[in-house]
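Letter by letter, the chains look like this.
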Amino acid sequence: MFQIALISSPDNFAGEHEMLEQMFEKGLQTLYARKPQMPDALLERWLLGFNFKWHDKILPWPGSAHSFEELEKTNSEIRFLSPVFDSISKHGYKAKYSKEELREGIAAWKKTHQQKLFALGGVEASNIAELAELGFSGAAVLGAVWHSFDPVGACEEILNLHQG
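No experiment lies behind these values; they were computed from the predicted model shown. Here the residue index of a chain counts from 1 through its sequence in written order. Under the rules for a predicted model, residues below a pLDDT of 70 receive no local features and side-chain atom pairs below 80 are neither given nor counted, while totals for whole chains, interfaces and linings still include all residues. Excluding hydrogens and water, the side-chain values take into account all heavy atoms of the structure.

How would you summarise the pairing of strand β1 (residues 3-7) if you had to cite specific residues and measurements?
Within β1, four of the five residues are buried, which leaves the element mostly enclosed by the surrounding structure. DSSP bridges decide pairing: two strands pair if at least two such bridges lie between them. A run of H or I in DSSP becomes a helix once it reaches four residues, and a run of E becomes a strand once it reaches two; helices and strands are each numbered from the N terminus. Pairing analysis gives four bridges linking β1 to strand β6 (residues 138-141), with the strands arranged parallel. Opposite Ile4, over in β6, you have Ala139 as the bridge partner. As judged from the two bridges shared by β1 and strand β2 (residues 31-33), these two strands associate in the parallel manner. By the bridge assignment for β2, Leu6 is matched with Leu31. Only protein chains enter the calculation, and the probe is 1.4 Å; a residue is then buried if its accessible area is under 20% of its type maximum, exposed if over 50%, and partly exposed in between.

Before we move on, can you summarise the packing of aromatic side chains with the specific residues and values?
Ring pairs (aromatic) are described by centroid distance and by the angle formed between their planes. Each pair of aromatic rings taken from Phe, Tyr and Trp, with Trp reduced to its six-membered ring, is defined by centres within 6.5 Å and is described as stacked if the planes are under 30 degrees apart, edge-to-face if over 60, and tilted in the remaining cases. According to the stated counting rule, one finds eight aromatic pairs in the structure shown. With a centroid separation of 5.1 Å and an interplanar angle of 85°, the aromatic rings of Tyr32 and Phe80 are classed as edge-to-face. Here Phe80 lies in strand β4 (residues 78-81) and Tyr32 lies in strand β2, a separation of 48 residues in the sequence. For Tyr32, a relative accessible area of 5% corresponds to the buried category. By relative accessible area, which is 1% here, Phe80 ends up buried. Among the aromatic residues, ring-to-ring pairing joins Tyr32, Trp61, Phe80 and Phe118 into one connected group.

Here you go:
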């Protein structure tokens, strides 16, 4: 079953915890906490700002790979391949693969690996179905939510498309 995960905004902002809790209420199953400028002790404090019922849905960010070969070097249950499409959050960060390269690479990965493979980079409502067709186990969303005028609404749209 294709899964949708959200990566936290790299920046802190007022109302962030409340927005994320609304996203959980609307069906978000997994949030990857990625705060690159935040020391571990502060990240732990940031996590304490959430209602305890959401804590099992918040995971540390394991990083992403930028090639199928690099995926071998990561050590997590879910591996992230990036950039699959042109990035929304990183200006000038262009898609790295053709659809055929993705299809072949994902098929080869699945033959020899048990870990789930998630797409990252430019993931938005309009391309979720394509990612599932290509063979990804799921997708991680960042810019399509955090660069939206209404992050909660954007997240809900993506979740509803996926569930619908």
